[in-house]
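Residues per chain, in single letters:
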Amino acid sequence: MSDVAESAAVSASDRLRGARWVVTGAAGQIGVHLRAALHDLGVVLVSTDVVEVPPVGSGAGADADATADADATADAAAAAEQREVVDVADLEALTALFAGCDGVLHLGGISDEADFHDLATVNVVGTYHVLEAARRAGVGRVVFASSNRLTGSYDTETTVDVDMPPRPDGFYGVSKVAGEALCRLYSDKFGLSTIAIRIGSYGDAPEDTRQLHTWLSRADAVRAFVAAMTTDVHVAVFYAVSANRDGWWDLAAGEALGFSPQDDASAVAGAASLPEPDGTAPAAPSGPAGPAGPAGPQGGPYASPEWSLDRMTR
Ligand SMILES: NC(=O)c1ccc[n+]([C@@H]2O[C@H](COP(=O)([O-])OP(=O)(O)OC[C@H]3O[C@@H](n4cnc5c(N)ncnc54)[C@H](O)[C@@H]3O)[C@@H](O)[C@H]2O)c1
């Protein structure tokens, strides 16, 4: 890490120590790992989900070979964390939960394509509830887990930045467009600070050729969320993606508020022999990482009609 990045990281963690932050979707893939990192930075966690939340530092996020010392540390961490089962449908419960908190990381919801009625209820109305509860409770900032799928219909030869119009690759992406619009409304109209993070493909390592462009490492995800939690900027949108050699998205908006990704999908072991995205990919040989032909959508298989049609239930 450069000296500048290191001192920025130090001051960010200074600002976070002792701050009280709610995490919605705390039992999910990102929530479990992010909470452990935030706890290590001294954040006081209020962790909530529609399902039971495993204590910070335990469950899916814990190393299989954890020692007794690590268990004791996890026990202490768990004792310092408030965990509550709350559905984002419940505005009153969210408002009560947010009282006295400095910020909310809103990760909870449906995290892939689904029937639009469900997406509208959980992701759109649910995000409205989170923002409105934050306003009522006097919380300073909401960080919204948006998605790259909000622009997944741009083709793979286009570098997308946050000022370009949304082109969602499905109804899930539409729900994130609405979420970002709600964030902007709450900032412009009610003075609530909102930072929307368009998350790439979060995970330990890139899993297919599309993720050579979209991968977000766990460590870079923590950097993105810490930047969003600590920036002085009032309202912003940025892509949270690792510093992938073949990235599709302009990183300037994130850099402007202190997000400096360090990892690169192309440098991960096995990157040269990753499989194509799964069998639901469009038949055209022009898939996102296809070797020839016109560029396909960045969403790859997610942008195919079937990905949405197969998930409609009503
Ligand atoms: N993982 C990624 O690569 C990725 C990429 C882009 C965006 N995102 C976004 O980041 C957020 C977290 O992603 P994730 O991978 O951890 O998803 P996840 O599906 O693992 O976790 C989502 C959590 O939300 C909870 N949830 C669902 N409905 C709820 C409700 N009605 N009330 C309260 N909680 C509810 C679920 O129980 C789950 O624990 C999501 O908003 C997702 O859309 C993730």
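Preceding this paragraph is the structure being described.
Computed from a prediction, not measured in an experiment: that's the story for all the values here.

## Some words on the site of the ligand
Taken together, the neighbourhood of the ligand is formed by 24 residues, with Gly25, Gly28, Gly108, Ala145 and Ile199 sitting nearest. Elements with a minimum of two residues in the shell around the ligand: helix 2 (29-40), helix 5 (116-137), strand 5 (141-147) and strand 7 (201-202). Classifying every residue of the shell around the ligand gives eleven nonpolar, eleven polar and two charged.

## Section: the nonpolar core
Trp21, Val104, Val142, Ile197 and Ala240 are the most contacted members of the largest nonpolar core, which totals 72 residues. Residues within four places of Trp21 in sequence aside, it is in contact with Leu38, Val43, Leu45, Val46, Cys101, Asp102, Gly103, Val104, Leu105 and Met229.

## Re the sheet that holds strand 4 (residues 103-106)
Spatially, the seven strands line up as an open sheet ordered 3-2-1-4-5-6-9, and their pairing is parallel. Edge positions in the sheet fall to strand 3 (82-85) and strand 9 (235-240), since each of these pairs with one other strand and no more. Within this sheet the neighbouring strands show an average axis-to-axis angle of 15 degrees, counted without direction. Sheet topology note: the strand 4/strand 5 ladder contains four bridges and is parallel. Bridging from a neighbouring strand, Val104 pairs with Val142 of strand 5.

## Some thoughts on the packing of helix 5 against helix 6 (residues 171-190)
Their axes nearest at 9 Å, the elements helix 5 and helix 6 cross at an angle of 20 degrees. In terms of orientation, helix 5 and helix 6 fall into the roughly parallel class. Here helix 5 and helix 6 pass one another in a crossing that is right-handed. Contact residues: Phe116, Leu119, Ala120, Asn123, Val124, Thr127, Tyr128, Leu131 and Arg135 in helix 5; Phe171, Tyr172, Ser175, Ala178, Gly179, Leu182, Cys183, Tyr186 and Phe190 in helix 6. Tallied by class, residues from the contact of helix 5 with helix 6 come to 13 nonpolar, four polar and one charged.

Calculation rules
- Residues numbered from 1 in each chain as written.
- Predicted model: local features only at pLDDT ≥ 70, side-chain atom pairs only at ≥ 80, totals over all residues.
- Near = placed C-beta within 6 Å.
- Helix = DSSP H or I, 4+ residues; strand = E, 2+ residues; numbered from the N terminus.
- Nonpolar A, V, L, I, M, F, W, Y, C, P; charged D, E, K, R; others polar.
- Core = buried A, V, L, I, M, F, W, Y, C linked by C-beta atoms within 7 Å.
- Buried ≥ 20, exposed ≤ 12 C-beta atoms within 10 Å, placed from the backbone.
- Contact = placed C-beta atoms within 7 Å.
- Pairing = 2+ DSSP bridges.
- Axes fitted to C-alpha atoms, helices over the stretch in contact; angles between N-to-C directions.
- Parallel < 35°, antiparallel > 145°, perpendicular 65-115°, else oblique.
- Left-handed = near helix turned anticlockwise from the far one by under 90°.

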